[in-house]
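Tertiary structure, described
Each chain, written out:
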Amino acid sequence: MARVMMTRMAVLRAARSLVLVPTTPPDLRHQLSGDWYEQFAVDLVQPCRLVFEASHEPIPRREDGGIDTERVTAIAILDVVDYH
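First things first, this report covers the structure right here in the doc. (Residues numbered from 1 in each chain as written. Predicted model: local features only at pLDDT ≥ 70, side-chain atom pairs only at ≥ 80, totals over all residues. Heavy atoms only, no water.)

Observations concerning the packing of aromatic side chains
Enumeration according to the criterion identifies one aromatic pair in this entry. Taking the centre distance of 5.9 Å and the plane angle of 15° together, the rings of Phe40 and Phe52 count as stacked. With Phe40 in strand 2 (residues 39–43) and Phe52 in strand 3 (residues 49–54), the pair connects residues that are 12 residues apart, well separated along the chain. Residue Phe40 is classed as buried on the basis of its relative accessible area of 1%. (Phe/Tyr/Trp six-rings, centres within 6.5 Å; stacked < 30°, edge-to-face > 60°. Helix = DSSP H or I, 4+ residues; strand = E, 2+ residues; numbered from the N terminus. Buried < 20%, exposed > 50% of the residue type's maximum accessible area, 1.4 Å probe, protein only.)

Overview of the layout of surface pockets
Of the volumes computed, that of the largest pocket is approximately 160 Å³. As for the largest pocket, its lining consists of 13 residues, and the residues nearest its centre are Leu12, Arg13, Ala15, Ala74 and Ile75. For the lining of the largest pocket, the secondary structure elements donating two or more residues are helix 1 (2–14) and strand 4 (75–81). At three residues, the largest contribution of residues to the lining of the largest pocket is made by helix 1. The class makeup of the residues in the lining of the largest pocket is nine nonpolar, two polar and two charged. (1 Å grid on protein atoms, 1.4 Å probe; cavity = no way out; pocket = protein on both sides within 12 Å on 5 of 7 lines; lining within 4 Å. Points joined across faces, edges and corners; volume = space filled by probe spheres on them. Nonpolar A, V, L, I, M, F, W, Y, C, P; charged D, E, K, R; others polar.)

Focus: the sheet that holds strand 1 (residues 30–31)
A sheet is described by the order of its strands in space; here four strands give the open sequence 1-2-3-4, paired in antiparallel fashion. Each edge of the sheet is formed by a strand with only one pairing partner; in this case those strands are strand 1 and strand 4. Where strand 2 and strand 3 come together, five bridges link them in antiparallel fashion. Across the sheet, residue Asp43 finds its bridge partner in strand 3, namely Arg49. (Pairing = 2+ DSSP bridges.)

A few points about the environment of Asp64
Within the secondary structure, Asp64 sits in the loop between strand 3 and strand 4. Considered as a pair, Asp64 and Met9 are 55 residues apart in the sequence and their alpha carbons are 29 Å apart.

Digging into unusual backbone geometry
Of note, the amide linkage connecting Pro25 to Pro26 takes the cis form, showing an omega dihedral of 10°. When you line up the elements, Pro26 lands in the loop between helix 1 and strand 1. Its identity is not glycine, yet Leu28 carries a phi of approximately 50°, on the positive side. Summarising the element assignment, Leu28 is placed in the loop between helix 1 and strand 1. If you check the backbone angles, Glu38 has positive phi at about 75° while not being a glycine. Topologically, Glu38 is positioned in the loop between strand 1 and strand 2.

As structure tokens, then:
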């Protein structure tokens, strides 16, 4: 799993904004919901995910109130977890 985690972190580091992190496998960046609202994850080795959030104050928003992933240029890694 360490190799996959290093690969995902390299993708996150190289992206100029969160919108450039792939939403398709193998990265599969996705926004979380429920208790994890406003956090994101990328896939690691099933069932583990690398969980992170936008590191902005305030968080960049779209007009509809959602997070503007195009303007998220910094993230904070929160956890590696199986939240399923």
